[in-house]
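Letter by letter, the chains look like this.
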Amino acid sequence: MIDGKVATTLTGSSSMSVCFICGAKPTEMHNLDELAIRANSGEALKFGISPLHARIKFMECILHIAYNKSFAAWRTNKETTKIKEQAKATIQKRLKFVLGINVDVVKQGMGSSNNGNTARRFFENPQITADITGVNEQLIHRFKIILSTITCSQAIDAEKFQIYCIDTAKLYIDLYGWYYMPITVHKVLIHGSKIVSEAILPIGMLSEEAQEARNKDYRRYRLYHSRKTGRSSTNEDVMHHLLISSDPYINSFRTKLKLKKLDYHEDVKKLLINEIE
Ligand SMILES: [Zn+2]
């Protein structure tokens, strides 16, 4: 997984707001016919999608539409800034009250309060989220299905996924054509199926979750399985433990963990190659 900033640099894109795969600018995001015939950078497709990051960006997209909905403009001016702030405060309060999540709160030195968990709660029940934000329920539902599909570790049917994504993009433009599609949403909806077919493993297996999951092990090894005589000896022991526990040979002796059977939404199942029961 490569993050957006690195990909922008590697592909020599001029700015973060330009798609590094097809070079589309924000103002060009809604011309689907033109996007379909644009030349894509094959190299950039290999950078994949990071599902965790995508979930947060999709949530922020819905939120920004919700804030600006009453005056239907991408930018705010002197008058509309006030309206936006008001709408934002109301929506934040309701999200906190109903779903128990804090969104778009700036934390000192930590960026925003939007993280994977807030975004997961946000998309859990599209009906409730639509009710709070006033954004179209069908669109939120489709975002949810797309996000679950790219996070699941099953092989995705690229063709079906492509159709679903393009239909979602059309719905988005029909409803909220005044809000230029954010770059991450564009990347998934327009280039998602190509990225999926470029990947060697199901895209969900390549997520940053594996690295994140190791944080817990790291803390335990650091606490219980390392010498505390100096930083280098501590790190050396932690490194050794990480190597041992991830060694394929050693791993083959482990009793297989019974994976919790994930319940995929019906619509997600339709986008997979092997239909699961
Ligand atoms: Zn693009």
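The written sequence of each chain sets the order in which its residues are numbered from 1. For this predicted model, a pLDDT threshold of at least 70 governs which residues receive local features, and a threshold of 80 or more governs which side-chain atom pairs are given and counted, while totals over whole chains, interfaces and linings are taken from all residues. Think of the side-chain values as coming from all heavy atoms in the structure, minus any hydrogens and water.

Visitor: Just checking my understanding: could you explain the overall build of the chain for this structure?
Guide: Here a strand is any run of E in DSSP of at least two residues, a helix any run of H or I of at least four, and the numbering for each starts at the N terminus. What the chain contains, in helices and strands, is 14 helices and two strands. Dimensions along the principal axes, computed over C-alpha positions, put the chain at roughly 60 × 45 × 40 Å. Each of the 277 residues in the chain was classed as buried or not, and the buried ones make up 39%. Considering only contacts within the chain whose residues lie at least 6 apart along the sequence, 63% involve residues at least 24 apart. Exposure was quantified through the Shrake-Rupley algorithm and a 1.4 Å probe, taking into account, for residues, occlusion by the shown protein chains and nothing else. Carbon and sulfur atoms form 54% of the exposed surface of the chain, whose accessible area is close to 16,600 Å². When charges are counted, Lys and Arg contribute as positive and Asp and Glu as negative, whereas His and the chain ends are disregarded. A charged residue contributes its charge at one atom only: NZ of Lys, CZ of Arg, CG of Asp or CD of Glu. Of the charged side chains in the chain, 39 are positive and 29 negative, and the gap between their average positions amounts to 7 Å. Whether a residue is buried, partly exposed or exposed follows from its accessible area with a 1.4 Å probe, protein chains only, as a fraction of its type maximum: under 20%, in between, or over 50%, in that order. Contacts are assigned to residue pairs that have any heavy atoms within 4.5 Å of one another.

Visitor: Just to check I follow, could you spell out the pattern of salt bridges for this structure?
Guide: Pairing between side chains of opposite charge can happen when the charged atoms of each approach one another. One side-chain nitrogen of Lys or Arg within 4 Å of one carboxyl oxygen of Asp or Glu is enough to make a salt bridge. Here the structure, examined in full by the defined rule, presents 13 salt bridges. Between Lys25 and Glu28 there is a salt bridge, with its nearest N and O atoms 3.9 Å apart. Exposure remark for Lys25: the relative accessible area of 45% places this residue in the partly exposed category. The exposure class of Glu28 is partly exposed, given its relative accessible area of 22%. For Lys269, the salt bridge is made with Glu266, and the minimal N-O distance between the two is 3.4 Å. Of the two residues, Lys269 and Glu266 both sit in helix H14 (residues 266–269), three residues apart, roughly one turn of that helix. The buried category is assigned to Lys269, whose relative accessible area is 13%. One network of salt bridges, in which partners are shared, links Lys25, Glu28, Glu34 and Arg38.

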